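A structural walkthrough
The residues making up each chain are set out below.
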2 protein chains.
Amino acid sequence: MLPRYSALLTDLYQFTMLQGYLEQGMEEVAVYEFFVRKLPPGRNFLLAAGLEQALQFLETVAFSTEEVAWLEQTGRFSPKLLDYVANFRFSGDVDAMAEGTVFFTDEPILRVVAPIPVAQLVETRLINLLHFQTLVASKAARVVLAAPGKLLVDFGLRRAHGAEAGLLAARACYLAGFGGSSNVLAEREFGIPSYGTMAHSFVQAHADEAQAFANFAHAQPGNVVLLIDTYDTEAAAHKVVALALRLAQDGIRIKAVRLDSGDLGEHARKVRAILDRGGLRETGIFASGNLDEFELARLAAQQSPISGFGVGTRLLTSSDAPYLDCAYKLQEYAGRPRRKRSEGKATWPGRKQVFRSYGPDGRMVGDILALEQDRHPGEALLKPVMRGGKRLTPAASLAEARALAAAELARLPEGLRQLDKAAPYSMEVAQSLQDLARTLDRQHG
Amino acid sequence: MLPRYSALLTDLYQFTMLQGYLEQGMEEVAVYEFFVRKLPPGRNFLLAAGLEQALQFLETVAFSTEEVAWLEQTGRFSPKLLDYVANFRFSGDVDAMAEGTVFFTDEPILRVVAPIPVAQLVETRLINLLHFQTLVASKAARVVLAAPGKLLVDFGLRRAHGAEAGLLAARACYLAGFGGSSNVLAEREFGIPSYGTMAHSFVQAHADEAQAFANFAHAQPGNVVLLIDTYDTEAAAHKVVALALRLAQDGIRIKAVRLDSGDLGEHARKVRAILDRGGLRETGIFASGNLDEFELARLAAQQSPISGFGVGTRLLTSSDAPYLDCAYKLQEYAGRPRRKRSEGKATWPGRKQVFRSYGPDGRMVGDILALEQDRHPGEALLKPVMRGGKRLTPAASLAEARALAAAELARLPEGLRQLDKAAPYSMEVAQSLQDLARTLDRQHG
């Protein structure tokens, strides 16, 4: 199991508001929805991820005796609040889009229905979990689209933002279509195949590069991938050819070489020629180093002879867009729809549903953002996943989410599968929802 | 205590290399250094952070029986490797710059000296811990410099990259000079003052905004900060004035109002006038919403009447530069200096020290990057912190690191304290180090 964080991992205002609600006896049912307000610049779609960890959080969130005692000794909270958190469990209902579903701005991917103190108190960690995996899965989906047919491996743990980021990003990348991760714990926790070979230090620790290659091959005969850019890439490729002959006598095959610096396309071309001339046509070329979807697309356009990629920092930090403009907003309280109108941050009120239509070729053609009780053609994307704090069905497996993501990427309109910004996907706001927003605006006008 | 992650949280290549080293009996002493190769665009300096968590990791890293069993059942590893990790403890020496020290490119902030299997096996998590806090502290230092005399509070937990990122970023921000965090667990774990008031949902859940304010004030009479931008900011400011009179009868004071949307400078000016006319000269204005150092500098230039800021997403994700080009590189093995020469990634070989000189006004004037045994004028920034896997001195407290950071920011040359890119700080590479690099290049030439 992954480390569980204390329920104190939240914003202080959750407790100050809770005290307000309890003081007034405000415990009627609230509806909150999580959605993204705007696509990051240059992006065409998002991929929902993180639901599994969000539901695990909701199933288990509780304050220990020590945590309640700590809250008490801060002297900030009423006995009513302390009593409330001591007995706190998430008891609400959740509807959500399945992990791996493509979605667009203003479309809720998760809805919580619960007494307002309950639904509010889980906000911070829910956002923290849904935001990050959705961020990385959405970026990883672009990398997958840019490199069809290539082995993609997440190499980003070291520069991910902490341990949990490294682990959950490995999951989000795999969900989006990656083949694996360098992260060993991600294999243990999530069954994600782990990949890894050697660092430059391994070569440097040896007096001789060829000797380093030979030693590595003999120590790992089933996984011989040799890093050849420590000193001179092409010179190292020749050493690999020479070594291959000797290794063949022991029945050891050099699976691939790895490039990690310089102009990867140029080096790959030269190295491929050297390996081919040396009879190593089956030896692949794996590349890493400052890669992202744009670099992969450039290499694909060159028909570069690289068979796989390690994609690290830029992917795991989603460096071109390191956050999503997402929110978890109150849409209804005590049966009455609510609408926030803060400048630039107005929301669509009420409990909503997203209806998606597909063309004859199976591709998505348009969504309707509507009220939950509306009936529209298309597939209703938000489905019940939790009632009264209990899951309705066993958790979807990561393999299922990954299969769904692959199907979703295949169903995307062609323009949206490109890396460049495309004409926006058709998202219609149902008349019923527009009418409701207008009515609420008039009430507060 | 923070959740501890499994020692399996590492890159697979650490194990494949380890198998190589053990197979060859290569266990001589290696020297690795952690440094940053390039400053992010527009940045003038970096602030070292994360050493405390790095040392805690080194003191405690170990593989449990279950973890070793899991490695065994993957079928990938030799009995020699499994036996090695079962008994693994970090037994090396560490020298480091104190947390809160300003540093520049190519200057090591941490050096590990240990048998190569030991020093290599800890690489991934060491980088993961040092990189992230240094990233955020370096960004937070700019925010601090841009808003002198203002209360700064980290609001970023929800969009931080996972739980650990939220916690460690709160620490890094406080170290760099922030006044506190919204993160309650950061108060419990690190003693960082937590701040928080209300969300828009609190206002929206009430039928009437003024009633929401009154209820909040009565539930939290010692911490009355009212969020006034849910519907109409200036209209809400008038409600605050009216409410203040009634609250005064109960001895309750409105500490501040909070703005979270629109043109913060413009709203603050108008709200300040409304509050002042209403006799609320002591009521502060706190602002949040898409803030970063540039926006704070803009507001400061306008002499905006905002007394404090909640800075969130852009800070905790370091959104303009979400990663540092950092490395943990082998600099010496078995007593012989090593140099990586990969294109664009060449490193300075050997065990190094950074000597820093100060001018008559106490400001930093220049650094010398030298070999450890060199003698140069100035303060030697790398100091022994661990020997044989044991700390030499008790951990520096977070308060000490914060005080050092404040002193360091005050010692920065004026140009480097500005947000714009300044002429680079003077960093001289000692002749001894240049000679060593040349000698090694000739050996591999």
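Residues numbered from 1 in each chain as written. Chains lettered and ligands numbered in written order. Predicted model: local features only at pLDDT ≥ 70, side-chain atom pairs only at ≥ 80, totals over all residues. Heavy atoms only, no water.

Facing the 102 residues of chain B at the interface are 102 residues of chain A. When the two sides are added together, the surface that chain B and chain A hide from each other amounts to roughly 8,800 Å², 56% of it contributed by carbon and sulfur. At the surface where chain B touches chain A, the tally comes to eight salt bridges. In this structure, Asp325 of chain A engages Arg159 of chain B in a salt bridge whose closest nitrogen and oxygen atoms are separated by 3.8 Å. The tally of links between chain B and chain A comes to 52 residue pairs in polar contact (both at pLDDT 80 or more). Broken down by class, the residue content of the side of chain B that touches chain A amounts to 39 nonpolar, 35 polar and 28 charged. (Contact = heavy atoms within 4.5 Å. Buried area = accessible area lost by both parts, 1.4 Å probe. Salt bridge = Lys/Arg side-chain N within 4 Å of Asp/Glu carboxyl O. Polar contact = N/O pair within 3.5 Å; in protein donor to acceptor, adjacent residues only side chain to side chain. Nonpolar A, V, L, I, M, F, W, Y, C, P; charged D, E, K, R; others polar.)

With that out of the way, let us pick up the pairing of strand 1 (residues 29-38) of chain A. All names here are of chain A. Of all the 10 residues making up strand 1, eight are buried; the element is thus mostly covered by neighbouring parts of the structure. Pairing between strand 1 and strand 5 (residues 110-115): six bridges, direction antiparallel. Among the inter-strand pairings, Phe34 is bridged to a residue of strand 5, identified as Leu110. (Buried < 20%, exposed > 50% of the residue type's maximum accessible area, 1.4 Å probe, protein only. Helix = DSSP H or I, 4+ residues; strand = E, 2+ residues; numbered from the N terminus. Pairing = 2+ DSSP bridges.)

Our next topic: the sheet that holds strand 9 (residues 256-259) of chain A. Residues and elements named next belong to chain A. Spatial ordering of the open sheet is given by 7-6-11-10-9-8, a layout of six strands whose pairing is parallel. Single-partner strands in this sheet number two, and they are strand 7 (180-181) and strand 8 (225-227). Bridging between strand 10 (residues 284-288) and strand 11 (residues 308-311) involves three bridges; their strand directions are parallel. When the bridges of strand 11 are listed, Ser288 appears paired with Gly310.

Since one α-helical turn is 3.6 residues long, residues separated by three or four positions face the same way. The terminal C-alpha atoms of helix 6 (residues 123-146) of chain A, which comprises 24 residues, lie 35 Å apart, in line with the 34 Å expected from a rise of 1.5 Å per residue. Counting buried residues along helix 6 of chain A, 24 of its 24 residues qualify, which places the element largely inside the surrounding structure. (Expected span 1.5 Å × (residues − 1).)

Moving on, we get to the relation of the copies chain B and chain A. For the match of chain B to chain A, the screw axis carries a shift of 0.0 Å, the RMSD comes to 0.0 Å, and the turn is 180 degrees. The transformation relating the two chain copies, once decomposed into turn and shift, fits a two-fold axis. A share of 100% of interface residues in chain B that are also interface residues in chain A marks the association as one of identical surfaces. (Least-squares fit on C-alpha atoms with pLDDT ≥ 70 in both.)

A word on the packing of aromatic side chains. Within this structure, the stated rule accounts for 18 aromatic pairs over all chains. Taking 5.6 Å as the distance between ring centres and 80 degrees as the angle between the ring planes, the aromatic pair formed by Phe202 of chain B and Phe216 of chain B counts as edge-to-face. Remark: Phe216 of chain B occurs in helix 10 (residues 209-219) and Phe202 of chain B occurs in helix 9 (residues 200-205); sequence separation between them is 14 residues. A connected cluster of aromatic rings, assembled from ring pairs, spans Phe15, Phe63, Phe77, Tyr84 and Phe88 of chain A. Sitting over the ring of Trp348 of chain A, Arg339 of chain A keeps its end group 5.4 Å from the ring centre. Between the NZ or CZ atom of Arg402 of chain B and the centre of the ring of Tyr174 of chain B, over which it lies, the distance is 4.1 Å. (Phe/Tyr/Trp six-rings, centres within 6.5 Å; stacked < 30°, edge-to-face > 60°. Lys NZ or Arg CZ within 6 Å of the ring centre and 35° of its normal.)

All names here are of chain B. Topologically, Val271 is positioned in helix 12 (residues 264-277). Considering only alpha carbons, one finds Val271 and Glu107, 164 residues apart in sequence, at a separation of 48 Å. For Val271, the contacting residues outside a window of four places in its chain are Ile228, Thr233, Glu234, Ala237, Val257, Leu259 and Ile285.

Residues and elements named next belong to chain A. Counted under the stated rule, the structure contains 74 salt bridges over all chains. Between Lys139 and Asp320 there is a salt bridge, and its shortest N-O distance comes to 2.8 Å. Residue Lys139 is located in helix 6, and its partner Asp320 is located in the loop between helix 14 (313-316) and strand 12 (325-333); the two are separated by 181 residues in the primary sequence. The partly exposed category is assigned to Asp320, whose relative accessible area is 37%. The partner of Lys270 in a salt bridge is Glu266, with the nearest N and O atoms 3.8 Å apart.

Here we take up helix 7 (residues 163-176) of chain A. All names here are of chain A. Under the 1.5 Å per step criterion, the end-to-end length of helix 7 is 20 Å for 14 residues, consistent within 8% with the ideal 20 Å. Burial analysis of helix 7 places 14 of its 14 residues in the buried class, the great majority of the element. Immediately downstream of helix 7, the backbone of Gly177 shows phi near 125 degrees, a positive value.

So, about the packing of helix 1 (residues 12-24) of chain A against helix 4 (residues 79-86) of chain A. All names here are of chain A. In the contact formed by helix 1 and helix 4, the axes pass within 9 Å of each other and the chain directions differ by 105 degrees. When the axes of helix 1 and helix 4 are compared, the pair comes out roughly perpendicular. Each of Phe15, Leu18, Gln19, Leu22 and Glu23 in helix 1 lies in contact with helix 4, whose residues at this interface are Lys80, Leu81, Tyr84 and Val85. When its residues are assigned to classes, the contact of helix 1 with helix 4 shows six nonpolar, one polar and two charged. (Axes fitted to C-alpha atoms, helices over the stretch in contact; angles between N-to-C directions. Parallel < 35°, antiparallel > 145°, perpendicular 65-115°, else oblique.)

All names here are of chain A. What the domain assignment reports for chain A is domain 1 (12-137 + 321-444) and domain 2 (147-316). Once you take the C-alpha centre of each, domain 1 and domain 2 turn out to be 39 Å apart. Every contact between the two is made by 21 residues of domain 1 and, on the other side, 20 residues of domain 2. There are two salt bridges connecting domain 1 and domain 2. (Domains from an automatic or database assignment.)

Once that is clear, we can look at the confidence of the model for chain A. Residues with a pLDDT of 70 or more make up 99% of chain A, whose mean pLDDT is 96. Scoring of the predicted complex yields 0.97 for pTM and 0.97 for ipTM. (pLDDT = per-residue confidence, 0-100.)

Glancing now at unusual backbone geometry. Even without being glycine, Ala334 of chain A reaches a positive phi, approximately 50 degrees. A positive phi angle is found at Asp106 of chain B, which is not glycine, with a value near 70 degrees. Locating Asp106 of chain B in the fold gives a position in the loop between strand 4 (102-103) and strand 5 (110-115). With relative accessibility at 23%, the residue Asp106 of chain B sits in the partly exposed group.

Residues and elements named next belong to chain B. Tracing the backbone shows Glu107 in the loop between strand 4 and strand 5. Looking at Glu107, its side chain comes within polar contact range of the main-chain nitrogen of Phe104, at 3.1 Å. Setting aside anything within four residues of it in sequence, one finds Glu107 in contact with Phe34, Phe35, Met97, Val354, Arg356, Asp367, Leu369 and Met427.

Once that is clear, we can look at the pairing of strand 1 (residues 29-38) of chain B. Two strands pair when backbone bridges link them, and strand 1 of chain B and strand 12 (residues 325-333) of chain B are joined in this way by eight bridges, in the antiparallel orientation. Looking at the pairing, Lys38 of chain B lines up with Asp325 of chain B of strand 12 of chain B.

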